[in-house]
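Geometric and topological summary
Given next are the chains, with one letter for each unit.
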Amino acid sequence: MTITATGRPQPRPGILEIEAYVPGKSQAKGTRIHKLSSNESPLGASPRAIEAYRATATTLERYPDGSATALRNAIAARYGLSADRIVCGAGSDELLQLLAHAYLGEGDEAVYSQYGFLVYPIAIAANGARSIVAPESNQTTDVDAMIRAVTPRTRMVFLANPNNPTGTYLPFSEVKRLHAALPAGVLLVLDAAYAEFVRNNDYEAGVALVSEHENVVMTRTFSKIFGLAALRLGWLYGPAHVVDVLNRIRGPFNVSSGAIAAGVAAMEDQAFVERAIAHNSEWLPWLAAEIGRLGIAVTPSVGNFLLLNFPSGKPAAAADAFLQERGIIARRMDAYGLPGALRLTVGDAEANRDVVAALKDFMS
Ligand SMILES: *Cc1c(COP(=O)(O)O)cnc(C)c1O
């Protein structure tokens, strides 16, 4: 063993090249603020989940159930899965990080698409591996480009479906085509954070692919449609051998009692989820049509958010500043290589109307 006494402790190679993830802003001017920067739910959380969370306050001295059994059972019952193939995490972020930690190292490569979720390059670089970015066409994942990006060094492929920030998705036939082209030793990660919002018949989150193969996992979150982002709660469905690996390396109590209790109640409150779906199905197309009419190119989205591509002469940065003056917080997309775009979450009725009115004034 060599002991280096000089200098100061150094992180592993690659870590200092990581651009830290910048969350959506939460400050703007005015009294009525519409925070539309982080794809949070305009409906809040299920009242039953809030009540279940509150009830855990009387036993805060106790460690949570380290295997989140009640929550895995509730998820399994709701989606018809086997509870022992589920791992819960502190947000799906933690699960994505754990996967990268377990399956990537120096000399390895991991593939994601051009406008893929920015947590992937962070997780990849944090483990010393190299990101290979597959170009997109029409702000949509290009399966052929993803397949071309695979080399003998590839260990993982990340696919957000639908993708954030574009809102576009791949039909299940395309996901299967991607999987079929991957070597058996490459792990395909299907990040289905927005699955519940998708109404299209040709979409599937990926359960069948996970069930049938040894190299596919699906991650899901309570942060979006369930409105529990503050609790940090996500889950993964995977083959037994991957579940075993994650259970070896995760923190023994990685999910808190409050999150477990709220998650169980949220899973059981299907009526609340239906209301959230109905709200999104009403307002997403309305926003897309109204904003499109203003001369802003709206990327077709199946999520709870829209990517707005501003025309030259109407910079996205100026639109962002203009919206902020009206108390509307959008998300700048510079970090995604989309400096001409803003991402906007579908808000409540008032927020959506205010957004359209503000953008109308900005564009005229
Ligand atoms: C929001 C989001 C997640 C969820 O992250 P959590 O850590 O569960 O809050 C995962 N993937 C994508 C693409 C997202 O947009």
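One can find the structure itself at the top, above this paragraph.
To keep things clear, this report deals only with the structure shown in the data block. (Residues numbered from 1 in each chain as written. Predicted model: local features only at pLDDT ≥ 70, side-chain atom pairs only at ≥ 80, totals over all residues. Heavy atoms only, no water.)

Turning next to the overall build of the chain. When you go through the chain residue by residue, the secondary structure sums to twelve helices and 13 strands. Each of the three principal axes of the chain carries a C-alpha extent, and together these read 65 × 50 × 50 Å. The burial tally for the chain puts 52% of its 364 residues in the buried class. Across the chain, contacts joining residues at least 24 apart in sequence account for 74% of those joining residues at least 6 apart. When the accessible surface of the chain is summed, it comes to about 16100 Å², and 54% of that surface belongs to carbon and sulfur atoms. Put simply, the chain has 33 plus and 35 minus side-chain charges, and the middle of one group is 3 Å from the middle of the other. (Helix = DSSP H or I, 4+ residues; strand = E, 2+ residues; numbered from the N terminus. Buried < 20%, exposed > 50% of the residue type's maximum accessible area, 1.4 Å probe, protein only. Contact = heavy atoms within 4.5 Å. Areas by Shrake-Rupley, 256 points an atom, 1.4 Å probe, with all protein chains shown as cover. Lys, Arg positive; Asp, Glu negative; His and termini not counted. Charge placed at Lys NZ, Arg CZ, Asp CG, Glu CD.)

Given a rise of 1.5 Å per residue, 13 residues ought to cover 18 Å, and the 19 Å separating the end C-alpha atoms of helix 3 (residues 91-103) matches this to within 8%. Taken together, the buried positions of helix 3 are Gly91, Ser92, Glu94, Leu95, Leu96, Leu98, Leu99 and Ala100. (Expected span 1.5 Å × (residues − 1).)

Taken in spatial order, the seven strands make up an open sheet running 2-8-7-6-5-3-4, and their pairing is mixed. Looking at the sheet topology across the chains shown, the edges are occupied by strand 2 (86-89) and strand 4 (130-134). Each neighbouring strand pair of the sheet contributes to a mean axis angle of 20°, computed without reference to strand direction. Direction of pairing for strand 5 (residues 154-160) relative to strand 6 (residues 187-191): parallel, over a ladder of five bridges. Within the sheet, the bridge partner assigned to Met156 lies in strand 6 and is Leu187. In this fold helix 2 (residues 69-79) packs onto strand 2, strand 7 (216-221) and strand 8 (234-237), with an angle of close to 125° to the strand it touches most, strand 2. (Pairing = 2+ DSSP bridges. Axes fitted to C-alpha atoms, helices over the stretch in contact; angles between N-to-C directions.)

Turning our attention to the pattern of salt bridges. Inspection of every chain in the model, using the stated rule, returns 15 salt bridges. Two residues, Asp334 and Arg332, come together in a salt bridge whose shortest N-O distance is 3.2 Å. Looking at Asp334, the relative accessible area reads 37%, which means it is partly exposed. Looking at Arg332, the relative accessible area reads 32%, which means it is partly exposed. Linked by salt bridges that have partners in common, Arg32, Asp348 and Glu350 make up one network. (Salt bridge = Lys/Arg side-chain N within 4 Å of Asp/Glu carboxyl O.)

Before going further, it helps to examine the site of the ligand. Around the ligand, the neighbouring residues are Gly91, Ser92, Asp93, Phe117, Asn164, Asp191, Ala193, Tyr194, Thr221, Ser223, Lys224 and Arg232. The separation between an oxygen atom of the ligand and a polar main-chain atom of Asp93 is 3.0 Å. One of the side-chain nitrogen or oxygen atoms of Tyr194 is found 2.6 Å away from an oxygen atom of the ligand. Computed on the free molecule, the ligand has an accessible area of 390 Å², of which 94% lies beneath the protein chains in the complex. Among the residues forming the shell around the ligand, the class breakdown is three nonpolar, five polar and four charged. (Near = heavy atom within 4 Å. Polar contact = N/O pair within 3.5 Å; in protein donor to acceptor, adjacent residues only side chain to side chain. Nonpolar A, V, L, I, M, F, W, Y, C, P; charged D, E, K, R; others polar.)

Take the sheet that holds strand 10 (residues 305-309) next. Here four strands make up an open sheet; going across it, the order is 9-10-13-12 and the pairing antiparallel. Looking at strand neighbours, the two that pair on one side only are strand 9 (297-298) and strand 12 (331-332), the edges of this open sheet. Two strands pair when backbone bridges link them, and strand 9 and strand 10 are joined in this way by two bridges, in the antiparallel orientation. Residue pairing for strand 10: Val298 is matched across the bridge by Leu308.

The next subject is the packing of helix 1 (residues 47-55) against helix 9 (residues 257-268). With their axes 8 Å apart at the nearest point, helix 1 and helix 9 run at an angle of 155° to one another. By the angle class used here, helix 1 and helix 9 are roughly antiparallel. Handedness of the crossing formed by helix 1 with helix 9: right-handed. Between helix 1 and helix 9, the residues in contact are Arg48, Ala49, Ala52 and Tyr53 and Gly258, Ala261, Ala262, Ala265, Ala266 and Glu268, respectively. Here the contact of helix 1 with helix 9 is composed, by residue class, of seven nonpolar, one polar and two charged. (Parallel < 35°, antiparallel > 145°, perpendicular 65-115°, else oblique. Left-handed = near helix turned anticlockwise from the far one by under 90°.)

This part takes up helix 4 (residues 119-126). Burial analysis of helix 4 places seven of its eight residues in the buried class, the great majority of the element. For helix 4, the set of buried residues is Val119, Tyr120, Pro121, Ile122, Ala123, Ile124 and Ala125. Taken together, the buried residues of helix 4 touch helix 3, strand 3 (109-113), strand 4, strand 5 and strand 6. Just downstream of helix 4 lies Gly128, where phi reads positive at about 80°.

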